[in-house]
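Each chain is listed here by its residues.
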Amino acid sequence: MSRFPVVNKFLGALNVQEQIPNLNGHSRVYAVFGDPITQVQTPHLINPIFAAAGANLYAVPFHVRSADFDAAWDAFSEMSNLAGIGVTVPHKVAACGRCSTLTPTAKAVGAVNSVQRGLDGRMHGALFDGQGFIDGLGKAKERLRDARVLMVGAGGAGRAIAFALAAEGVARLEIIDPNATALTFTVDMFNAAKRSGRAKGADATGGWDYDIIINASPIGIKGAAHFPMPEELLRRDMLVADIASLTAETPLLQAARAAGATVSDGNDMLAAQIRLIAGFAAGFEAGTPLS
């Protein structure tokens, strides 16, 4: 302890040695950029993983506005004890443009949610939404092969999920999104990855004949929009996943449970994804979980 009584009192109040016993000059920082930042869950989810693995690494949130993003990126990327940067809204696309290399998913989607700083200072971007979604399904992911899939939402997360679905052998992917540009981009991306024309915009007039339903939009959590598929058409043999469901269960998942369907929520995706992000932040190859 310090020989200065005031310092000792301060350290005692913080209980520093119990809370962060390994924080020292060798510690590395995984910065998390966002605007807003108060809602970000990465630090409190990932720091226990770092601690359990014995990694001298700490995730810290930073409120970075869009106007300040480039300046913050330049400053942080020069710090040799920076392990990387976690990226949340609205910086996923901007960060993608600043990376030296990108994983295939990040390159296809045009966004990143995790950046690893190499020892040479180069920044390597990855997007784990898609793999996190697949892994979060657990044993139910076996049901993806040859499945007929409806996905609502063609934003960043939806695009990443679509790219991952292309590798899982789904028979058909139909997408609903009010943004025609986003819809076309996601359909074209899936078909290019799949090398076949098996994705298209959904046409509700043809019925709702699907095996798997995915909500990759904020419907059910934000706004007054309702999920487009009628709840009474949910079946027991369906797999229903809703990544919007984190702190509260959406009406879609409530209806799916009532119908006896297999369900997966956003916490399943997040739990799988956070270990992938932890591994990447710790310096491992993208796709290697830290356990």
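Below: a short report on this structure. Within any chain, residue numbers begin from 1 and follow the written order of that chain's sequence. Local features are withheld for residues below a pLDDT of 70 in this predicted model, meaning they are given only at 70 or higher, and side-chain atom pairs are given and counted only at 80 or more; totals for whole chains, interfaces and linings count all residues. By convention in this description, side-chain values take in all heavy atoms of the structure and omit both hydrogens and water.

1. Some points on the sheet that holds strand β12 (residues 262-265)
Point 1. Taken together, 6 strands build an open sheet; the order of strands is β9-β8-β7-β10-β11-β12 and the sheet is parallel. Of all strands in the sheet, those with a lone pairing partner are β9 (199-201) and β12, marking the two edges. On average, each strand axis in the sheet is inclined to that of its neighbour by 15°, with strand direction left out of account.
Point 2. By the convention used here, strands pair only if DSSP detects at least 2 bridges between them. Helix numbers and strand numbers start at the N terminus; a helix is a DSSP run of H or I with at least 4 residues, a strand a run of E with at least 2. Strand direction decides the pairing type here: strand β7 (residues 148-152) and strand β10 (residues 212-215), joined by 4 bridges, are parallel. Its bridge partner being in β10, Met151 is matched across the sheet by Ile214. Only the stretch in contact is used when fitting a helix axis, every axis being a line fitted to C-alpha atoms; angles between N-to-C directions are given from 0 to 180 degrees.

2. Topic: the pattern of salt bridges
Two side chains with opposite charge may pair up if their charged atoms get near one another.
Point 1. Whenever a carboxyl oxygen of Asp or Glu lies within 4 Å of a side-chain nitrogen of Lys or Arg, that contact is scored as a salt bridge. One pass over the structure, following the stated rule, counts 10 salt bridges.
Point 2. With a closest N to O distance of 2.8 Å, Arg148 and Asp209 form a salt bridge. Highlighted residues: Arg148 in strand β7 and Asp209 in the loop between β9 and β10, separated in sequence by 61 residues.
Point 3. The buried label applies to any residue whose accessible area, calculated with a 1.4 Å probe on protein chains only, is under 20% of its type's maximum; exposed applies above 50%, and partly exposed to all values in between. Given a relative accessible area of 24%, Arg148 falls into the partly exposed group.
Point 4. The class for Asp209 is partly exposed, based on a relative accessible area of 40%.

3. Here's the deal with the packing of helix α3 (residues 42-52) against helix α11 (residues 266-281)
Point 1. Following both chains from N to C, one finds α3 and α11 inclined at 60°, their axes separated by 10 Å at the closest point. By the angle between their directions, the pair α3 and α11 is classed as oblique. You can see that α3 and α11 cross each other, and the crossing is right-handed. Contact residues: α3 offers Thr42, Leu45, Ile46, Ile49 and Phe50, while α11 offers Leu270, Ile274, Arg275, Ile277, Ala278 and Ala281.
Point 2. Residue polarity follows a fixed list, in which Ala, Val, Leu, Ile, Met, Phe, Trp, Tyr, Cys and Pro are nonpolar, Asp, Glu, Lys and Arg are charged, and the others, Gly among them, are polar. The residue inventory of the contact of α3 with α11, partitioned by class, reads 9 nonpolar, 1 polar and 1 charged. Roughly parallel covers angles under 35 degrees, roughly antiparallel covers those over 145, roughly perpendicular covers 65 to 115, and oblique covers all other angles. Helix crossings fall into two classes, left-handed where the near helix is turned counterclockwise from the far one by less than a right angle and right-handed where it is turned clockwise. Between two residues, a contact is recorded if the distance between any of their heavy atoms is within 4.5 Å.

4. So, the pairing of β12
Point 1. Of the pairings in the sheet, the one linking strand β11 (residues 239-242) to β12 comprises 4 bridges and is parallel in character. Within the sheet, the bridge partner assigned to Val240 lies in β12 and is Val263.
Point 2. Here a crossover is taken to be right-handed if, once the strands point away from the viewer, the path from the first strand over the helix to the second is traced clockwise. One crossover worth recording links β11 to the parallel β12 by way of helix α10 (residues 251-259), and it is right-handed.

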